Amino acid sequence: PAPIAQPRIGSGLNVRFTFETYVVADSNQLPAAAAHAVADAPGRNYNPLFIYGGTGLGKTHLLHAVGNRILQRNPGSRIVYLSSEEFTNQFIESVRHNRMPDFRRRYRDECDVLLIDDIQFLGNKQETQNEFFYTFNALHQMSKAIVLTSDTVPSEIPGLEERLRSRFAMGLITDVQEPNYEMRIAILKKKAAQETFELPDEVAQFIARHVVRNVRELEGALIKLAAVHSLTKQPVNEALVAQVLKDLLPAKPTLD
């Protein structure tokens, strides 16, 4: 709807990453449910929500889904989404150009929901950690929602201050695990439906057997398959997908 388009532009959210496009299974059930709860009652449920897991497993998707759902319900919500590296870079620039009041106003006074990706990159950045600590406290005291993602639990982030570790543990820490075979098929089917791409069952099963590490690789395989089919008009079968996967995953010698 038109009313929520404007806030989304400023928030940095990807409108395609919603709860409706997220496939839930045993491997991600708890983080998905917790993200839903945060979106339903921002700042009251699980604050902060800390989601960790390997690369390409859908953590960023959940972050965006939280923001998109909140905006859908309350178009006036001031949502800030960025990576911890972007937070660090903006902090450094603000210090350099004497703009710290503007920086603090944006992340404390003018922020209702703070979504930070890859918080592990704050490790060993002492000044940025200090600033983030006070930002976190200010938002938390005002019951503003904070959702963080990381590739590991707070206790294993190198160079992270103890006071931040304890803050991150105040809410809920939950992990996204690698998708099992059935979930990989479900993800492929859902993605294909979104792209209005006809994906035969045996082809989905073939991809799911060979692409096992993460969701991003699964989606990459499907996008490549759809592109090759569209450009060459070759039938979508195991022979074509084997050719596509061989190109995508040269380390898989079994696909000859």
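Because the structure is a prediction, the values reported are computed rather than measured.

A. Molecular detail of the pairing of strand S1 (residues 49-53). Burial within S1 is extensive, with four of its five residues counted as buried. In this sheet, strand S4 (residues 145-150) lies alongside S1 in parallel orientation, the contact comprising four bridges. Across the sheet, residue leucine 49 finds its bridge partner in S4, namely valine 147. Sheet analysis places S1 next to strand S5 (residues 172-176), joined by five bridges and oriented parallel. In the sheet register, phenylalanine 50 faces S5, and the bridge partner there is isoleucine 173.

B. Quick look at the sheet that holds S1. One open sheet holds the five strands; their spatial order is S2-S3-S4-S1-S5, and the pairing between them is parallel. Each edge of the sheet is formed by a strand with only one pairing partner; in this case those strands are strand S2 (79-83) and S5. Neighbour to neighbour, the strand axes of the sheet diverge by 15° on average, direction disregarded. Lying over the sheet, helix H4 (residues 84-96) contacts S2 and strand S3 (113-117), oriented at roughly 95° with respect to S2.

C. Here's a closer look at the packing of helix H8 (residues 181-194) against helix H9 (residues 201-210). Their axes nearest at 9 Å, the elements H8 and H9 cross at an angle of 125°. One way to sum up the angle between H8 and H9 is to call them oblique. For the pair H8 and H9, the sense of crossing is right-handed. Contacts between H8 and H9 involve Tyr181, Arg184, Ile185, Leu188 and Lys189 from the first element and Asp201, Ala204, Gln205, Ile207, Ala208 and Arg209 from the second. The residue makeup of the contact of H8 with H9, split by class, is six nonpolar, one polar and four charged.

D. A look at the side chain of glutamate 131. Among the structural elements, glutamate 131 can be located in helix H6 (residues 126-141). Engagement of the side chain of glutamate 131 in a polar contact is seen with the side chain of arginine 108, the distance being 2.7 Å.

E. Quick look at the packing of aromatic side chains. Summed over all chains, the structure comprises 10 aromatic pairs. The cationic tip of arginine 163 hangs over the ring face of tyrosine 134; the distance from NZ or CZ to the ring centre is 5.7 Å.

F. Structural detail: the packing of helix H2 (residues 29-40) against helix H3 (residues 59-73). With their axes 9 Å apart at the nearest point, H2 and H3 run at an angle of 30° to one another. Viewed along their axes, H2 and H3 adopt a mutual orientation that is roughly parallel. Of the two elements, H2 crosses H3, and the hand of that crossing is right-handed. Of H3, the residues touching H2 (which contributes Pro31, Ala32, Ala35, His36, Val38, Ala39 and Asp40) are Leu62, Val66, Arg69, Ile70 and Arg73. A class-by-class count of the residues in the contact of H2 with H3 yields eight nonpolar, one polar and three charged.

What counts and what doesn't
- Residues numbered from 1 in each chain as written.
- Predicted model: local features only at pLDDT ≥ 70, side-chain atom pairs only at ≥ 80, totals over all residues.
- Heavy atoms only, no water.
- Buried < 20%, exposed > 50% of the residue type's maximum accessible area, 1.4 Å probe, protein only.
- Helix = DSSP H or I, 4+ residues; strand = E, 2+ residues; numbered from the N terminus.
- Pairing = 2+ DSSP bridges.
- Axes fitted to C-alpha atoms, helices over the stretch in contact; angles between N-to-C directions.
- Contact = heavy atoms within 4.5 Å.
- Parallel < 35°, antiparallel > 145°, perpendicular 65-115°, else oblique.
- Left-handed = near helix turned anticlockwise from the far one by under 90°.
- Nonpolar A, V, L, I, M, F, W, Y, C, P; charged D, E, K, R; others polar.
- Polar contact = N/O pair within 3.5 Å; in protein donor to acceptor, adjacent residues only side chain to side chain.
- Phe/Tyr/Trp six-rings, centres within 6.5 Å; stacked < 30°, edge-to-face > 60°.
- Lys NZ or Arg CZ within 6 Å of the ring centre and 35° of its normal.

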